[in-house]
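What follows is the residue order along each chain.
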Amino acid sequence: MLSLTDALARLLAGTTALAETETVSTFEALGRVLAVDVVSQLDVPPHDNSSMDGYALRTADVPQPGTLLTVSQRIAAGQVGAVLAPGTAARIFTGAPVPEGADAIVMQEQCEPVGGGSVRVQIRPTAGQWVRRRGEDVCAGSVVLARGSRLTPQALGLAASVGAATLSVVRRPRVALFSTGDELVMPGEPLKPGAIYNSNRYTLRALLQSAGCEVSDLGIVPDRLDATREALRRAAEGHDLILTSGGVSVGEEDHLKPAVEAEGRLDLWQIAIKPGKPLAFGEVRTSGADRPALFIGLPGNPVSSFVTFLLAVRPVLQALQGLPGAEPAGWPVRADFDWPRPDARREFLRARRNADGGLELFGNQSSGVLTSAVWAEGLIDNPPGRAIARGDIVRFLPFAALLA
Ligand code: AMP
Ligand code: MG
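Residues numbered from 1 in each chain as written. Chains lettered and ligands numbered in written order. Predicted model: local features only at pLDDT ≥ 70, side-chain atom pairs only at ≥ 80, totals over all residues. Heavy atoms only, no water.

A. Summary view of the site of ligand 1. Close to ligand 1 lie 14 residues, the nearest being Glu183, Asn198, Ser199, Gly247 and Gly300. Note that a nitrogen atom of ligand 1 is positioned 3.1 Å from one of the backbone N or O atoms of serine 199. Asparagine 301 places a main-chain nitrogen or oxygen 3.2 Å from an oxygen atom of ligand 1. Contact with the protein chains removes 77% of the 490 Å² of surface that ligand 1 exposes when unbound. Within the shell around ligand 1, the residues separate by chemical class into 4 nonpolar, 9 polar and 1 charged. (Near = heavy atom within 4 Å. Polar contact = N/O pair within 3.5 Å; in protein donor to acceptor, adjacent residues only side chain to side chain. Areas by Shrake-Rupley, 256 points an atom, 1.4 Å probe, with all protein chains shown as cover. Nonpolar A, V, L, I, M, F, W, Y, C, P; charged D, E, K, R; others polar.)

B. Just the packing of helix α1 (residues 4-13) against helix α6 (residues 302-320), in detail. Packing of α1 against α6 leaves a shortest axis separation of 10 Å and a crossing angle of 30°. With respect to α6, the axis of α1 lies roughly parallel. Crossing geometry of α1 relative to α6 is assigned as right-handed. Only Leu311, Ala312, Pro315, Val316 and Ala319 of α6 make contact with α1, whose side of the interface consists of Leu4, Leu8, Leu11 and Leu12. Looking at the contact of α1 with α6 residue by residue, the classes come out as 9 nonpolar, no polar and no charged. (Axes fitted to C-alpha atoms, helices over the stretch in contact; angles between N-to-C directions. Helix = DSSP H or I, 4+ residues; strand = E, 2+ residues; numbered from the N terminus. Parallel < 35°, antiparallel > 145°, perpendicular 65-115°, else oblique. Left-handed = near helix turned anticlockwise from the far one by under 90°. Contact = heavy atoms within 4.5 Å.)

C. Focus on the environment of alanine 389. Within the secondary structure, alanine 389 sits in the loop between β25 (378-382) and β26 (393-398). By relative accessible area, alanine 389 is classed as partly exposed at 34%. In this structure, the C-alpha to C-alpha distance between alanine 389 and methionine 107, residues 282 residues apart in sequence, is 57 Å. In this structure alanine 389 touches Ala335, Phe337 and Asp338, once residues within four positions along its chain are discounted. (Buried < 20%, exposed > 50% of the residue type's maximum accessible area, 1.4 Å probe, protein only.)

D. Examining the pattern of salt bridges more closely. Using the criterion set out here, one finds 21 salt bridges in the structure. Linking aspartate 336 and arginine 334 is a salt bridge whose minimum nitrogen-to-oxygen distance equals 2.8 Å. Three or more residues joined by partner-sharing salt bridges are found here, namely Arg229, Glu230, Arg233 and Glu263. (Salt bridge = Lys/Arg side-chain N within 4 Å of Asp/Glu carboxyl O.)

E. Region of interest: the packing of helix α4 (residues 225-236) against helix α5 (residues 256-263). Viewed as axis vectors pointing N to C, α4 and α5 meet at an angle of 50°, and their least axial separation amounts to 9 Å. In terms of orientation, α4 lies oblique with respect to α5. α5 is crossed by α4, and the crossing has right-handed handedness. In this structure, α4 contributes Leu225, Thr228, Arg229, Leu232 and Arg233 to the contact, and α5 contributes Leu256, Pro258, Ala259, Val260, Ala262 and Glu263. Class assignment for the residues of the contact of α4 with α5 results in 7 nonpolar, 1 polar and 3 charged.

F. Inspection of the sheet that holds strand β5 (residues 67-75) at higher detail. Taken in spatial order, the 6 strands line up as β7-β4-β6-β5-β9-β8 in an open sheet, and their pairing is mixed. Strands at the two margins of the open sheet, each flanked by one partner only, are β7 (104-107) and β8 (111-114). Averaged over all pairs of adjacent strands, the angle between their axes in this sheet comes to 40°, without regard to strand direction. (Pairing = 2+ DSSP bridges.)

G. Molecular detail of α6. Taking 1.5 Å per residue, 19 residues should reach 27 Å; α6 reaches 25 Å between its end C-alpha atoms and fits that length. Its axis deflected by about 45° at phenylalanine 309, α6 carries its strongest bend there. Buried residues dominate α6, accounting for 19 of its 19 residues. Phi for glycine 322, located one or two positions after α6, is positive at around 85°. (Expected span 1.5 Å × (residues − 1). Bend = angle between axes of the 7 residues up to and from the residue.)

H. Local environment of the packing of aromatic side chains. Under the defined criterion, the tally for this structure stands at 3 aromatic pairs. A ring pair is formed by tryptophan 269 and phenylalanine 281, whose centres lie 5.5 Å apart and whose planes are at 45°; its orientation type is tilted. Here tryptophan 269, found in strand β18 (residues 264-270), pairs with phenylalanine 281, found in strand β20 (residues 278-284); they are 12 residues apart in sequence, far enough to count as distant. Judged by its relative accessible area of 7%, tryptophan 269 falls in the buried class. A relative accessible area of 6% means that phenylalanine 281 is categorised as buried. (Phe/Tyr/Trp six-rings, centres within 6.5 Å; stacked < 30°, edge-to-face > 60°.)

I. Here's a closer look at the sheet that holds strand β16 (residues 214-221). Sheet architecture is open: 6 strands sit in the order β16-β13-β17-β21-β20-β18, paired in mixed fashion. The open sheet has two edge strands, β16 and β18, and neither has a second partner. Pairs of neighbouring strands in the sheet enclose a mean axial angle of 15°, with direction left out of account. By the bridge criterion, 5 bridges tie strand β13 (residues 174-180) to strand β17 (residues 241-245) in an arrangement that is parallel. Its bridge partner being in β17, phenylalanine 178 is matched across the sheet by threonine 244. Across the sheet, α4 touches β13, β16, β17, β20 and β21 (293-298), and the angle it forms with β16 is around 170°.

J. Broad picture of the environment of tyrosine 197. Note that tyrosine 197 resides in strand β15 (residues 196-197). Tyrosine 197 sits in the partly exposed class, given a relative accessible area of 37%. Apart from residues lying up to four places away in sequence, tyrosine 197 is in contact with Leu184, Val185, Met186, Pro187, Gly188, Glu189, Pro190 and Leu191. Separated by 2.8 Å, the side chain of tyrosine 197 and the backbone oxygen of glutamate 189 make a polar contact.

K. Here's a closer look at the side chain of aspartate 336. With respect to the element layout, aspartate 336 can be found in the loop between β22 (331-334) and β23 (346-353). Within the structure, aspartate 336 has its side chain in polar contact with the side chain of asparagine 354 (distance 2.8 Å). Residue contacts for aspartate 336: discarding those within four places in its chain leaves Asn354, Gly358, Leu359, Glu360 and Arg390.

L. How the structure looks around a negative patch on the surface. Side chains of Asp182, Glu183, Glu252 and Glu253 sit close together on the surface and give a patch of like negative charge. Considering the arrangement of structural elements, one finds glutamate 252 in the loop between β17 and α5. (Patch = residues over 30% accessible without salt bridge, like charges linked within 9 Å, V, L, I, M, F, W, Y side chains within 5 Å. Lys, Arg positive; Asp, Glu negative; His and termini not counted. Charge placed at Lys NZ, Arg CZ, Asp CG, Glu CD.)

Take a look at the structure:
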């Protein structure tokens, strides 16, 4: 059996980053990977501006609290004031440029307007107070977002703040997906005796989409060698990766192994993880000049395919997009449960935090119980053979980090 770390190293060694890039609207760039650094042409903010509604003034004009100043102008956000006349104050609002000559803002709560267009300043201001400096967020010429980083909502905002209407990103990985299994029917169809609904198709399709892929969903392929080979040939054309679920054990009804061997090349691995274990990795020939499509066959059990996707497929998709594809780091969290009979394999237990900040386990850790993956907030990464006692510190991988 192969360790997950070794399996991942082999998977990543067989993966080359996509070279093609495209330019997309910054609106459409969520989750994409930047192909080129975003360099700012401007300072942000572009001018010193007020962070308060109040009065802009010269501190030298207010030697003591209670000083009276004439209000010489009014500057709202979006307007540019005149040079501040000495001995006067400018009425100013949040975001408005600080007029030349002023060196501080006094918030309106500390000023008292008096009749005849004057204001009494109730404090003694210090230079620079409530002024947001030009360039304090971004300096012109600096890299604000580095190539190879994934675009989060806040990264899109930062790109927009330096005026980027479009971004150059790595093209999406193209992935063909199919499920194997004669027992599978689709939701919306009647459930015949002996059948179950196809859940992996929904989980895996959504996981691929959330990882930034363009998905070609080829549906369900019957448990027959010729049908499986035909599906693989179709899936290979125009795709970077073929992802399947089910049929990777070595039972008589498991046709993926001989089918991939006939259409390309395959390694069948037993990975020492639970849930998971069988994982098929290889490639399928294409007819044209395209490079072969990568092939990953996940186990059929719904929790196994979900977990192996997170642990093994997602890093490959990241590597295709030029991201590091590293094993996710976990957080140390206290176990509020006992796990006296650990597996000899590295386990990924479905768990969530309780109100005390400790972890609770879902009662049924079977690889067919999808409820566990919905109830849980993440996986406990438990080393082979390690028993857990209440109070022990374990490594927790939140789904939020595994799906990021
Ligand atoms: P297999 O890997 O094909 O031997 O399947 C292992 C188990 O997972 C069997 O109980 C299958 O019925 C179940 N299974 C396989 N594919 C799916 C699927 N797409 N949705 C839900 N369960 C599945
Ligand atoms: Mg099957």
